[in-house]
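Descriptive analysis of the structure
One-letter residues, chain by chain:
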Amino acid sequence: MWILLGFALQIVVIVAGVRNEQRAGLWSWSKFVFALGFGGLECAILIVPVSVMNPAASYFIPVYVACCVLAALNFVWFIIAARRWKLPDGRTSLQAYRDEKQAEKVQQESQAERR
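Owing to the predicted nature of the structure, the values given are computational and were not obtained by experimental measurement. Every chain's residues receive numbers from 1 upward, in the order its sequence appears when written. Two thresholds apply to this predicted model, a pLDDT of at least 70 for residue-level local features and 80 or more for giving and counting side-chain atom pairs, whereas whole-chain, interface and lining totals are computed over all residues. As a rule here, side-chain values come from all non-hydrogen atoms in the structure, and water together with hydrogens is ignored.

Every case where a carboxyl oxygen of Asp or Glu lies within 4 Å of a side-chain nitrogen of Lys or Arg is listed as a salt bridge. Within this structure, the stated rule accounts for one salt bridge. The partner of Lys101 in a salt bridge is Glu104, and the shortest N-O contact between them spans 3.7 Å. With Lys101 and Glu104 both in helix α4 (residues 93–114) and three residues apart, this pair spans about one turn of that helix. Here Lys101 falls in the partly exposed class, since its relative accessible area comes to 37%. Accessibility expressed as a relative area gives 33% for Glu104, which makes it partly exposed. Every helix listed is a DSSP run of H or I at least four residues long, and every strand listed is a run of E at least two residues long, numbered separately from the N terminus. Exposure categories follow from relative accessible area, calculated using a 1.4 Å probe and restricted to protein chains: below 20% of the type maximum is buried, above 50% is exposed, and the middle band is partly exposed.

Here we come to the environment of Phe32. Along the chain, the position of Phe32 falls in helix α2 (residues 29–52). When the C-alpha positions of Phe32 and Trp2 are compared, they lie 25 Å apart, and in sequence the two are 30 residues distant. When checking whether two residues touch, look at their non-hydrogen atoms; a contact exists if any pair is within 4.5 Å. Excluding its chain neighbours within four sequence positions, the residues that come into contact with Phe32 are Ile14, Val18 and Trp27.

Nonpolar side chains collect at one region of the surface, where Ile61, Val65, Val69 and Leu73 lie side by side and expose about 380 Å² of accessible area between them. Mapping Val69 onto the fold places it in helix α3 (residues 60–83). Using a relative accessible area of 45% as the deciding quantity, one classes Val69 as partly exposed. Residues forming no salt bridge and having over 30% relative accessible area are the ones grouped into patches, like charges within 9 Å of each other and nonpolar side chains (Val, Leu, Ile, Met, Phe, Trp, Tyr) within 5 Å. Exposure was quantified through the Shrake-Rupley algorithm and a 1.4 Å probe, taking into account, for residues, occlusion by the shown protein chains and nothing else.

As structure tokens, then:
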């Protein structure tokens, strides 16, 4: 039951993220496929040891801890790599985010001046 709830929650988060990216004009199918592949790799890193190894073995805990550390380091690398992705206009996603926030700020200031 918890797995189904977690799966449903993940779908909600993905759909919300896709819509936000589309609204901001930052959507890319290649990024989406890469992120899904990355998620599959993370799941494989965590699930394969459990399904292949004997959990009663003396070396299971150290191997599984090593897999968890590897998955965590891989996740950190993914965050760093995703921040460097280039958009079609040559900006990085961080630059696009800053530009978007700056445009919102300018728009709010101009609305405040009109009042």
